[in-house]
Amino acid sequence: VTYKAPVPTGEVYFAENFDKGTFAGWVLSKAKKEDTDDEIAKYDGKWEIQEMKETKLPGDKGLVLLSRAKHHAISAKLTKTFVFDTKPLIVQYEVNFQNGIECGGAYVKLLSKTSELNLDQFHDKTSYTIMFGPDKCGEDYKLHFIFRHKSPKTGKYEEKHAKRPDADLKNYFTDKKTHLYTLVLNPDNSFEILIDQSVVNSGNLLSDMTPPVNPPQEIEDPNDQKPEDWDERAKIPDPDAVKPDDWDEDAPAKIPDEDAVKPEGWLDDEPEYVADPDAEKPEDWDEDMDGEWEAPQIANPKCESAPGCGVWQRPMIDNPSYKGKWKPPMIDNPNYQGIWKPRKIPNPDFFEDLEPFKMTPVSALGLELWSMTSDIFFDNFIICTDRAVADGWGNDGWGLKKAADGAAEPGVVGQMMAAAEERPWLWVVYILTVALPVFLVILFCCSGKKQPSAAEYKKTDAPQPDVNEEEKAEERDKGEAEEEEEEIIEEKP
């Protein structure tokens, strides 16, 4: 497969394939994180533009996050500001976790168009409109879609998070292959999230974000208090119940078994443990310091052949008369009022925004990341409004990588061997799959009973198996002919 740089086929707001090998148009941040120790506050993580370590497409370059345990920040201006009006927003790019990923992100931020935006000082607090992409720490595999919504009532921004995908995302983080991440956001507030051009999550900004875009019309009154006489008890002890006269609260739960009999041969006068007769006091034992020396205890050898030693006691059994402490039965509470809740009042911050798609305009794209794993490869960023343009760009970039990987992949046998190296138990499956049919064929071919020949039947006069009528007639004719020949021979002088 020969590499050819992708070229957008329509209008785009941003397109970058890095194949020129330079940072032209990109700005490395010189900012420091706030409220962080100076040693780790700087965005001093290294970026490079280079090919993947095990590339199948010479000449295909990308942006690589090189440092581990460092803050990284890099950004670039869009060719023109994206305004959320009547056209969809499509954001798409490629990621390859070349070394896998232990803990870190590979998401992008679409930076809001503001008068304060300074790419040279891009940091974690820089205003953004959308955050999108993969993120992982431990065994928590995420695919973020977050947008910052501005309240039309208070003017404050609040992050809204899309529901988690139902799909299992683990393989995209661990297989060390290049994957294509796409976000499609439509003016009707619907959205789709795709990986490798297949939908893994979808929904609507009005119904599938947390917290919801629109607050509730009513809220609980924060000043309301539960009355002191409010009764939340659904059940209460029966006040009219009386303890039965024969209820003995002092009866023990266990009593000695009066039917038990001491086993014969029980050695009452022998202790279970005796002093070790072979033990000797250590030479360095100081009775003034260590006290009087006593031999260590060992199991009494006389008890080994006996059913037991020491004072015999009857075993304990459950007391049939035991009832425990008496409690009155529970009955429905006639004064039950239910679980108290504060009364509802109109929400002073209520608003209804039916067009959350109309977000803050976007003027730049940035990556602001921390990772405990190095060599994360990014490539082929595109922001556009036409799905066909994004699909074509993806096919010419990610699609080419996929085709090259497919051409270089081992055959079926090679894949089976590689799978068995990761999961050794597969060798058992392979052996059984091959050996069992061969064994059954050999068993079938060799287990048939050999039939004795006709000559052997004649020698032994053993009964032969049934034959058909034609065979019987042939045998009869042959026998008669042999008898006639013998008579002719006898008649000759």
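Conventions and cut-offs
- Residues numbered from 1 in each chain as written.
- Predicted model: local features only at pLDDT ≥ 70, side-chain atom pairs only at ≥ 80, totals over all residues.
- Heavy atoms only, no water.
- Helix = DSSP H or I, 4+ residues; strand = E, 2+ residues; numbered from the N terminus.
- Buried < 20%, exposed > 50% of the residue type's maximum accessible area, 1.4 Å probe, protein only.
- Contact = heavy atoms within 4.5 Å.
- Areas by Shrake-Rupley, 256 points an atom, 1.4 Å probe, with all protein chains shown as cover.
- Pairing = 2+ DSSP bridges.
- Core = buried A, V, L, I, M, F, W, Y, C linked by side-chain atoms within 4.5 Å.
- Disulfide = S-S within 2.5 Å.
- Phe/Tyr/Trp six-rings, centres within 6.5 Å; stacked < 30°, edge-to-face > 60°.
- Lys NZ or Arg CZ within 6 Å of the ring centre and 35° of its normal.
- Polar contact = N/O pair within 3.5 Å; in protein donor to acceptor, adjacent residues only side chain to side chain.
- Salt bridge = Lys/Arg side-chain N within 4 Å of Asp/Glu carboxyl O.
- pLDDT = per-residue confidence, 0-100.

Overview of the overall build of the protein
When helices and strands are counted, the protein shows eight helices and 25 strands. Looking at the protein residue by residue over its 493 residues, the buried ones come to 34%. Long-range pairs, those at least 24 residues apart, make up 75% of the contacts in the protein between residues at least 6 apart in sequence. Element-wise, carbon and sulfur atoms account for 51% of the exposed surface of the protein, whose accessible area totals about 31500 Å².

So, the pairing of strand 24 (residues 362-371)
A regular strand carries its side chains on alternate faces of the sheet. By the criterion of burial, strand 24 is predominantly enclosed, with nine of the 10 residues buried. In terms of strand pairing, strand 5 (residues 70-82) meets strand 24 through nine bridges, oriented antiparallel. Counterpart to F82 in the pairing with strand 24 is V362. Here four bridges tie strand 8 (residues 108-112) to strand 24, and the two strands are oriented antiparallel to one another. Among the inter-strand pairings, S112 is bridged to a residue of strand 24, identified as V362.

Section: the nonpolar core
With 64 residues, the main nonpolar core has I130, F145, L185, L367 and F378 as its most contacted residues. Counting nine residues, the second-largest nonpolar core is a separate cluster that includes V12, V184, I382 and A390.

Looking at the pairing of strand 4 (residues 61-65)
For strand 4, a buried count of four out of five residues is recorded, marking the element as mostly surrounded by other parts of the structure. Bridge count for strand 3 (residues 47-51) against strand 4 is five bridges, and the pairing is antiparallel. Its bridge partner being in strand 4, I49 is matched across the sheet by L63. Examined bridge by bridge, strand 4 and strand 25 (residues 376-384) share three bridges and lie antiparallel to one another. Residue pairing in the sheet places V64 in a bridge with F377 of strand 25.

Some thoughts on the state of the cysteines
In protein chemistry, a disulfide is the covalent bond that joins the sulfur atoms of two cysteines. Using the criterion set out here, one finds two disulfides in the structure. Bridging C103 to C137, the disulfide has an S-S length of 2.0 Å. Its torsion about the S-S bond being -95°, the disulfide of C103 and C137 is classed as left-handed. Residue C103 is found in strand 7 (residues 103-105), and its partner C137 is found in strand 9 (residues 128-137); the two are separated by 34 residues along the sequence. The disulfide that involves C303 links it to C309, with 1.8 Å between the sulfurs. An S-S torsion of about -120° defines the bridge between C303 and C309 as left-handed. C309 gets classed as buried once you look at its relative accessible area, which sits at 7%. Each disulfide of the protein joins two cysteines, and with those cysteines numbered along the sequence the arrangement is 1-2, 3-4.

Some thoughts on the packing of aromatic side chains
This structure, assessed with the given rule, holds 17 aromatic pairs. For the pair W47 and F378, a centre-to-centre distance of 6.3 Å together with 50° between the ring planes defines the contact as tilted. Of this pair, W47 sits in strand 3 while F378 sits in strand 25, and the two are 331 residues apart along the sequence. Assessed through its relative accessible area of 0%, F378 is described here as buried. Note that K80 overlies the ring of Y13, its terminal NZ or CZ placed 5.0 Å from the centroid. Residue placement shows R148 over the ring face of Y128; its charged tip is 5.7 Å from the ring centre.

Some words on the side chain of H144
Structurally, H144 can be placed in strand 10 (residues 140-150). By relative accessible area, which is 12% here, H144 ends up buried. Among the polar contacts listed, one links the side chain of H144 to the side chain of D135, at a separation of 3.0 Å. Once residues lying within four places of it in the same chain are set aside, the contact partners of H144 are Y107, M131, F132, G133 and D135.

Brief notes about the pattern of salt bridges
Considering all chains together, one arrives at 27 salt bridges under this definition. A salt bridge links E11 to K87; the nearest nitrogen and oxygen atoms lie 3.8 Å apart. Residue E11 is found in the segment before strand 1 (12-16), and its partner K87 is found in the loop between strand 5 and strand 6 (89-97); the two are separated by 76 residues along the sequence. E232 is the partner of K226 in a salt bridge, and the nearest nitrogen-oxygen pair spans 3.6 Å. Assessed through its relative accessible area of 41%, K226 is described here as partly exposed. Members of the salt-bridge network, linked through shared partners, are D60, E94, D379 and K401.

Focus on the confidence of the model for the protein
In the predicted model, the protein carries a mean pLDDT of 89, and 87% of its residues have values of at least 70. Predicted confidence for residues 454-460 stays below pLDDT 50, and this span has five contacts to residues more than four positions away or in other chains.

Observations concerning the side chain of H71
When you line up the elements, H71 lands in strand 5. For H71, the residues in contact, after removing those within four places along its chain, are K33, I40, K42, Y43, D44, G45, L369 and W370.

Observations concerning unusual backbone geometry
Between T210 and the following residue, P211, the backbone shows a cis peptide bond with an omega angle of -10°. Here P211 shows up in the loop between strand 15 (209-210) and strand 16 (218-220). At F18, a residue that is not glycine, the phi angle is positive and equals roughly 65°. Mapped onto the elements of the fold, F18 is located in the loop between strand 1 and strand 2 (26-28). Taking relative accessible area as the criterion, F18 reaches 1% and is therefore assigned buried.

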